[in-house]
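Summary of the model geometry
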Protein chains: 2
Amino acid sequence: MKITLAVDAMGGDNAPKAVIEGVSLALKRYPKAHFILFGDEQQIQDCIKAVRLDVSRIEIRHSDEIITPDMKPSAALRRAKGSSMRMAIEAVKNGDADAVVSAGNTGAYMALSKIILRTLRGIDRPAITAPLPTATGSAVMLDLGANVDCDTNNIVQFAIMGEIYSKAIHGISSPSVGLLNVGEEDTKGNSTVQEAAQIIREHGHIKNFSGFIEGNDIFLGNIDVIVTDGFSGNISLKTAEGASKMFSNFFKNQVQGSFWNKIRYFAARKLFKDFKAKFDPRIYNGAPFLGLNGIAVKSHGGCDGFAFSYAVGVAYNLVDQKVIEQIAHEVEACSPDAEGSNVIPISAGIGKEESKVS
Amino acid sequence: MKITLAVDAMGGDNAPKAVIEGVSLALKRYPKAHFILFGDEQQIQDCIKAVRLDVSRIEIRHSDEIITPDMKPSAALRRAKGSSMRMAIEAVKNGDADAVVSAGNTGAYMALSKIILRTLRGIDRPAITAPLPTATGSAVMLDLGANVDCDTNNIVQFAIMGEIYSKAIHGISSPSVGLLNVGEEDTKGNSTVQEAAQIIREHGHIKNFSGFIEGNDIFLGNIDVIVTDGFSGNISLKTAEGASKMFSNFFKNQVQGSFWNKIRYFAARKLFKDFKAKFDPRIYNGAPFLGLNGIAVKSHGGCDGFAFSYAVGVAYNLVDQKVIEQIAHEVEACSPDAEGSNVIPISAGIGKEESKVS
């Protein structure tokens, strides 16, 4: 099976160079992958020459327009009809591509993806979903910032989508799913997470539901899917990034400041190298907007080619594992009597479904 | 000036041993400090003998009852009238002590402190406030979990209290204050943080207001006071703790698993020692419940004596710097026409106060 990926070649701080380098790495890693690159043809061609790219699995579609990093989502929707980002998303909509990857403006990318691809029936809102390192491997966390205000339904839907992602992409047969909260006891937290936990338990939406978890549980490795609202999720992820940066900068500064510390660092360099290899944020690059009627993956804006190739890998695997179809199927199964409505009444239906069961 | 600290000797996983060891260290560090220890007299006396404590600045008040770690706040309020924790808080209320320190059950401690000490006029809710390490020194963050649902007024009040804490305890003349959010642009985030930022700007509540900050800004060192709701704050702090633990465990496991890694670690041990000294969580122990009409400081439950002595230090400095009086004064100044009301109408008053100014 051929998998075609639409790539916004102009998105990100180092575009198109980093994007083309990432595509080059991905072509070697995924023999079934084909690419349609959207952007300035001349710039793309120059980069292709520079990395001596095999163009047999590549098509270029020219675009003059770019969505800039500071453009508001509303402006991106109104203007920039022929932008590289928009054209790449539209390629998924019209069936030319199986997924789209961009390192461009997150707000604009999310807004355009929602408008063009639309959410799946039964899903209110898409969630930014990303893998992160843990003590024993990796977990997946959502939402990471798409929805600053979430209701109970959103949280339940995120949990269902996260479970499917973990199974399909991380290959975990029965992923443990936890809701991020300020304590593990049932009485802890706000009404949104309490109701969400209750609904998941009552409906059996999640096979291996771990209930509430706390921030320090994220990295232990015993929770595979961490579910939270976009406000806390974004703050939590960025806190971890900030802490990680502070720790590595500490060692960097110590070493720069002293001859003897340079010697010490050199003597132990394998330890630090192993550390970097395990926690290299580039290998965790690639956050899909789960819940859309199509695959759109966001790469970190500041990525290099190596990191971009991982975002491409996420898109590739989501197509290969038919994750959208699985989510659509699972959500259908969760709401047998939600016909005609785009949004399944997961919470409103509790009483009704309970009476059916009894 | 003599400063008297009421200490719940029975609170925490390692009580009363860790508590008494902490008091012993604090007695040496603070020559003006006196202590009233609440708890089982025999156990306390045994610990005092073990650490050869100078008892000239110590008084013991016996209590049979203990608030256990799993006791619900509501149960702690109804029962446990004569518990060591409650008696210690009451000692502040009735003027026997200037502040109280406990490493016991956080929920019970907060509930009892609120009931016994009450909130300051103009403050809706107290906030759990704690220092944390940054790349250049330390910052202070609040709320860390007392209030899972916060409105605009809460956030504004936390900002005002945090600024005073930073000035008084960290000695920063004009602390920079930031509101934790999912982006730095004015349009980002939920309505609560947006309104709070607007009120702070319009009223000039904060001299050096940095607007919105993101999770990764927490540790940079250019923000002195990080303000957020208790849900995100608790998750953020615990995420940082979890990340930090994962990183140090990584090195620990690498070293345990291999002879050569042991050699490498030994060669670079000074780097790791310096790292530990800088980021030792014990020196950041001690979280006051700011906004109460009295000083109550929470120590980490799993603390050792060294860590407990830092929580005592926080209480001591809050008394010494008259932080409660400063908060009371500042909040009065913020709401000149709030007489008769316990809660100052910081947000409701915008229009009114604006028309006065014009």
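In this report, we go over the structure that sits alongside the text. (Residues numbered from 1 in each chain as written. Chains lettered and ligands numbered in written order. Predicted model: local features only at pLDDT ≥ 70, side-chain atom pairs only at ≥ 80, totals over all residues. Heavy atoms only, no water.)

1. Brief notes about the overall build of chain A
Of the regular secondary structure elements, chain A holds 13 helices and 11 strands. Computed over its C-alpha atoms, the radius of gyration of chain A comes to 21 Å, within 12% of the 21 Å expected for a compact globule of 358 residues. Once the C-alpha set of chain A is aligned to its principal axes, its extents read approximately 65 × 55 × 40 Å. Taken across its 358 residues, chain A has 55% of its residues classed as buried. (Helix = DSSP H or I, 4+ residues; strand = E, 2+ residues; numbered from the N terminus. Rg over C-alpha atoms; globule rule 2.2 N^0.38 Å. Buried < 20%, exposed > 50% of the residue type's maximum accessible area, 1.4 Å probe, protein only.)

2. Topic: the nonpolar core
Ranked by internal contacts, the top residues of the largest apolar core, which has 240 residues, are Phe35 of chain A together with Phe35 of chain B. In terms of residue count, the dominant contributor to this core is helix α6 (residues 152-170) of chain B (10 residues). (Core = buried A, V, L, I, M, F, W, Y, C linked by side-chain atoms within 4.5 Å.)

3. As for the packing of aromatic side chains
Here the structure, examined in full by the defined rule, presents 31 aromatic pairs over all chains. Ring geometry for phenylalanine 275 of chain A and phenylalanine 247 of chain B: centres 5.3 Å apart, planes at 65 degrees, overall edge-to-face. In this pair, phenylalanine 275 of chain A is assigned in helix α10 (residues 269-279) and phenylalanine 247 of chain B in helix α8 (residues 230-257), connecting two distinct chains. Among the residues examined, phenylalanine 275 of chain A registers a relative accessible area of 15% and is labelled buried. Classification of phenylalanine 247 of chain B as buried rests on a relative accessible area of 7%. Taking the ring centre of tyrosine 310 of chain A as reference, the NZ or CZ of arginine 29 of chain A above it sits at 4.7 Å. Here arginine 269 of chain B stacks its cationic end above the ring of phenylalanine 266 of chain B, 4.0 Å away from the centre of that ring. (Phe/Tyr/Trp six-rings, centres within 6.5 Å; stacked < 30°, edge-to-face > 60°. Lys NZ or Arg CZ within 6 Å of the ring centre and 35° of its normal.)

4. Looking at the packing of helix α9 (residues 259-267) of chain B against helix α10 (residues 269-279) of chain B
All names here are of chain B. Where α9 meets α10, the closest approach of the two axes is 4 Å, and the angle between their N-to-C directions is 65 degrees. Regarding the angle of α9 to α10, the classification is roughly perpendicular. Contact with α9, carried on its side by Tyr265, Phe266 and Ala267, involves Arg269, Phe272 and Lys276 of α10 and no other residues of that element. Split by residue class, the contact of α9 with α10 holds 4 nonpolar, no polar and 2 charged. (Axes fitted to C-alpha atoms, helices over the stretch in contact; angles between N-to-C directions. Parallel < 35°, antiparallel > 145°, perpendicular 65-115°, else oblique. Contact = heavy atoms within 4.5 Å. Nonpolar A, V, L, I, M, F, W, Y, C, P; charged D, E, K, R; others polar.)

5. Some points on the layout of surface pockets
Taken as a whole, the second largest pocket spans an internal volume of roughly 410 Å³. Asp149 and Asn190 of chain A together with Val148, Asp149 and Asn190 of chain B are, among the 22 residues lining the second largest pocket, the residues nearest its centre. Mapped by element, the contributors of at least two residues to the lining of the second largest pocket are α7 (191-203) and α8 (230-257) of chain A together with α7 (191-203) and α8 of chain B. In terms of residue count, the dominant contributor to the lining of the second largest pocket is α7 of chain A (3 residues). Among the residues forming the lining of the second largest pocket, the class breakdown is 10 nonpolar, 8 polar and 4 charged. (1 Å grid on protein atoms, 1.4 Å probe; cavity = no way out; pocket = protein on both sides within 12 Å on 5 of 7 lines; lining within 4 Å. Points joined across faces, edges and corners; volume = space filled by probe spheres on them.)

6. Section: the relation of the copies chain A and chain B
When chain A is fitted onto chain B, the two copies agree to an RMSD of 0.0 Å after a turn of 180 degrees and an axial shift of 0.0 Å. In the structure described here, the two chain copies are related by an operation that fits a two-fold rotation axis. Comparing contact sets, 100% of the residues at the interface of chain A also lie at the interface in chain B, consistent with an isologous, same-surface contact. (Least-squares fit on C-alpha atoms with pLDDT ≥ 70 in both.)

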